[in-house]
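Overview (structure and organization)
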Amino acid sequence: MQLTVKEIAVFVDGEIVGNKNKEISHVAKIEEAGADDLSFLYQNKFEKYITADSTFTLLVKKDFSKSFPKLTLIKVDDPYLSFITVIEKYFVPKIELPPLFEFNKAEQINFSYGKNFRCGKNVFIGKDCKIGDNVSIFSNVTLLDSVEIGNDSIIYPNVAIRERCKIGNRNILHPGVVIGGDGFGYYKNPDKSYRKIPQIGIVVLEDDVEIGSNTAIDRASVGETRLKRGTKIDNLVQIAHNVVLGENCAVSGQTGFAGSINVGDRLIAGGQVGFADHIQIEDDVIVMAKSGVANDLKKGKAYFGSPAIEARDAMKLNALLKSLPALRTQVMELQKKVDELTKKLEEQKS
């Protein structure tokens, strides 16, 4: 891709400081950018990667006042967002889609599909499945009976979607995702062996949901496991039976949700967070990485630690923990002095 600084500035409605005819071939992180790269500066702490010899082109905020002799600047309202839009328009690699779905009319087709349906090799589609318009299914995907997939969705290789589960419009399922596996439900017999509880519910993904590679979302024991509109799930996440995740949640990798959790809208969960079963998480909650959540969480608050408590209290506790060795030494010295004083008082009395 060959673009000029002027073309990019026009696209992002930016102001150029420097060479408007400079050519851009690539995008890069600021710490790795070279002469023909476009990068962005969103936080001041990354200014350390700009030197007097830097020759790349940089998207910056409109109030950025520093100058560098060899650097070309494009001033915009939001450098990060502008960088994303430039990538979307000019630098997203073209993915070779599967061919348009074709079949031998002599063969029995027991499912329905919309226009521009694309399907790769070794795909199994069960009976009574319903596939919308502009859906792409890559190789080695399995859809069991009565699965529904909405319009404009992409199902990448090696995804498995079990019977009766429903995938909304504009969903993206990355390689290795499993939708609708059995929930972890067992009855403990008197002899302490386990009897499997039938898992007869489904999984529902509403519109604009994206699921990262090797994530598993279990079907409900009865009823639904549901991820609401706009929710984004990272790789290697476990979502157990009957969990409900609200709208526009963002969940990082290696996070686990035990069964029957009810999550409000806009949860942000860091990596390796564990959520205990049957808890209620209200809207706009933030849970920091490696936290263990055992109780309900209140609206609009940030939490950290295991067990998770409000982040400000957790930070205070961590600061106190660092002071414990010194405090222990002080307490021991004070105890020694108290013992000495007590001994002297007892001697005086006698």
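Scroll up a little and you will see the structure.
The text that follows walks through the structure, step by step, so that each part is easy to find. Here the structure is a predicted model, which is why all the values come from computation and not from measurement. (Residues numbered from 1 in each chain as written. Predicted model: local features only at pLDDT ≥ 70, side-chain atom pairs only at ≥ 80, totals over all residues. Heavy atoms only, no water.)

**Details of unusual backbone geometry**
Apart from glycine, the bulk of residues carry a negative phi angle, and the bulk of peptide bonds sit in the trans form. Here is the rule: Secondary structure elements follow DSSP: runs of H or I of four or more residues count as helices, runs of E of two or more count as strands, with numbering from the N terminus. Burial here depends on accessible area, computed with a 1.4 Å probe over protein chains only, as a share of the maximum for the residue type. Under 20% is buried, over 50% is exposed, and the range in between is partly exposed.
Of note, the bond from serine 306 into proline 307 is cis; its omega dihedral lies within 30 degrees of zero at 0°. Inspection of the secondary structure assignment puts proline 307 in the loop between β37 (302-304) and β38 (309-310). Positive phi outside glycine occurs at aspartate 128, with the angle close to 65°. Residue placement: aspartate 128 occurs in the loop between β10 (124-125) and β11 (130-131). Under the relative-accessibility criterion, aspartate 128 is labelled partly exposed at 48%.

**What about the sheet that holds strand β4 (residues 26-27)?**
The line we're drawing: Two strands are counted as paired when DSSP detects at least two bridges linking them. Any two residues whose heavy atoms approach within 4.5 Å are treated as being in contact. Between the N-to-C directions of two axes lies an angle of 0 to 180 degrees, each axis being a line fitted to C-alpha atoms and, for a helix, fitted only over the stretch in contact.
Judged by pairing direction, the sheet is mixed, and its 5 strands sit side by side in the order β2-β7-β6-β5-β4 without closing on themselves. Lying at the two open borders of the sheet, with one neighbouring strand each, are β2 (15-17) and β4. Relative to strand β6 (residues 57-61), strand β5 (residues 37-40) runs parallel, the two being bridged by 3 bridges. Along β6, the bridge assignment pairs serine 39 with leucine 58. In this fold helix α1 (residues 5-12) packs onto β2, β5, β6 and β7 (72-76), with an angle of close to 10° to the strand it touches most, β7. Against the sheet, helix α2 (residues 79-91) makes contact with β4, β5, β6 and β7, and its axis sits at roughly 145° relative to β5, the strand it touches most.

**Notes on the packing of aromatic side chains**
The test is simple: Only Phe, Tyr and Trp rings take part, Trp by its six-membered ring, and two of them pair if their centres are within 6.5 Å. Stacked means planes under 30 degrees apart, edge-to-face means over 60, and tilted covers everything else.
As enumerated under the stated definition, the model contains 14 aromatic pairs in all. Measuring from centroid to centroid gives 5.1 Å for phenylalanine 40 and tyrosine 80, while their planes differ by 0°, and the two rings are stacked. Here tyrosine 80 lies in helix α2 and phenylalanine 40 lies in strand β5, a separation of 40 residues in the sequence. With a relative accessible area of 41%, tyrosine 80 lands in the partly exposed category. Measuring from ring centre to ring centre gives 6.4 Å for tyrosine 186 and tyrosine 194, while their planes differ by 75°; the resulting arrangement is edge-to-face.

**Some words on the pattern of salt bridges**
Quick note on the threshold: Each salt bridge in this description consists of a side-chain nitrogen of Lys or Arg and a carboxyl oxygen of Asp or Glu lying within 4 Å of one another.
Under the definition given, this model contains 15 salt bridges. The closest approach of N and O atoms between arginine 219 and glutamate 163, which form a salt bridge, is 3.8 Å. Residue arginine 219 is found in the loop between β24 (216-218) and β25 (224-227), and its partner glutamate 163 is found in the loop between β16 (160-161) and β17 (166-167); the two are separated by 56 residues along the sequence. In this structure arginine 219 comes out as buried when scored by relative accessible area, which is 0%. The partner of aspartate 182 in a salt bridge is lysine 196, with the nearest N and O atoms 2.9 Å apart.

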